[in-house]
Amino acid sequence: MQHAIQQHSKSILQQLQSDGFSQLSNLCSSTLTAQLLSVSSKIASDVRQRLGKRPIGIGSRSGYREIVQRSPGRWDVPITPEQFAIDHKQMPWWPLITAVLGQSAEHAFSGVVSSEPGSKEQCWHIDSPHEAAEHLSAHAINIFIALTHIPLLMGPTELARGSHQRTNHLANQTLAVDQLLYQHADTSPGMLVTAKEQTTPETRSSAMSEGSCLIFDDRIMHRGLANQAHQTRHIAYFSYKRQGYLPYTHFESTRSLFES
Ligand SMILES: O=C(O)CCC(=O)C(=O)O
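Residues numbered from 1 in each chain as written. Predicted model: local features only at pLDDT ≥ 70, side-chain atom pairs only at ≥ 80, totals over all residues.

Caption draft 1: Summary view of the site of the ligand. Near the ligand, the surroundings consist of Arg70, Arg74, Asp76, Val113, Ser115, Thr157, His222, Gly224 and Ile235. Where the shell around the ligand is concerned, the elements lending two or more residues are strand 3 (74-78), strand 4 (106-115) and strand 9 (222-224). Looking at the shell around the ligand, its residues break down into 2 nonpolar, 4 polar and 3 charged. (Near = placed C-beta within 6 Å. Helix = DSSP H or I, 4+ residues; strand = E, 2+ residues; numbered from the N terminus. Nonpolar A, V, L, I, M, F, W, Y, C, P; charged D, E, K, R; others polar.)

Caption draft 2: The arrangement of the environment of Leu16 in detail. You can see Leu16 is positioned in helix 1 (residues 2-18). When the 21 C-beta atoms within 10 Å are taken as the criterion, Leu16 is described as buried. Residues Leu16 and His107 lie 91 residues apart in sequence; the distance between their C-alpha atoms is 19 Å. Ignoring any residue separated from it by four or fewer positions in sequence, one finds Leu16 in contact with Phe21, Ser22, Val100, Ile215 and Asp217. (Buried ≥ 20, exposed ≤ 12 C-beta atoms within 10 Å, placed from the backbone. Contact = placed C-beta atoms within 7 Å.)

Caption draft 3: Focus on the sheet that holds strand 9. The strand order 7-6-9 describes an open sheet built from 3 strands, whose pairing is antiparallel. Taken across any chain shown, the strands that pair with only one partner, and hence form the sheet edges, are strand 7 (203-204) and strand 9. Sheet analysis places strand 6 (residues 157-160) next to strand 7, joined by 2 bridges and oriented antiparallel. Paired with Leu159 across the strands is Arg204, a residue of strand 7. (Pairing = 2+ DSSP bridges.)

Caption draft 4: Just the environment of Arg74, in detail. Among the structural elements, Arg74 can be located in strand 3. Put simply, Arg74 and Val113 are 39 residues apart on the chain and 6.7 Å apart in space, counted from C-alpha to C-alpha. The residues contacting Arg74, other than those within four sequence positions of it, are Gln69, Val113, Ser115, Ser119, Gln122 and Gly224.

Here it is as structure tokens:
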């Protein structure tokens, strides 16, 4: 598989630049996927137990350092590479990360996002804002790994193609950064239409086979879709950043489940 990545990395990187994302079938071996799933399931279940009936709102400001409810029924539990028992630089996606962010790319976050049966689709959002009015290359890249087969019914991630080039609030005064970043019902690809860019970005979502990965630019408009299946949907994620970039929007919770 490493060989396949090397062979296709040029077209993957081109797609990442033009569309803002690329889906890579069966990138992870079944052994690696099983390991990520087993660690995620254990840690997420311990954390949910610890959370118990404590009130928790939506978004990281309302969450805990150990768990955030990203949207109703969609739980984000941070897990470090050490807890996953992996060397993230040995992972099959690492060559793509360094090709975009440089050899000094840094791990920013990792964990698992689990959406429960019946959870609705999220509001469209970006994960971090543009840094300058001109279009710069990506400052952060995410990898989502399907820990089980995820049919469309289970709500994979939906992305607005090419929108990473159009979510720049520093270039487009009609965009409000908080509205792009946080769950806001009015945020949608349609708001990216301007006099210069008159078409609404096309939206894409695909079923993911177990071990498949979605790689995407942090600035792309995306959302998790509704889980209409009977099983919980688990996606492991690894987020990387350019050396020196300080992410400030992903985990804003200041409280811990382990404080009295
Ligand atoms: O659940 C998903 O597919 C996407 C989750 C996400 O983008 C988020 O919570 O920020």
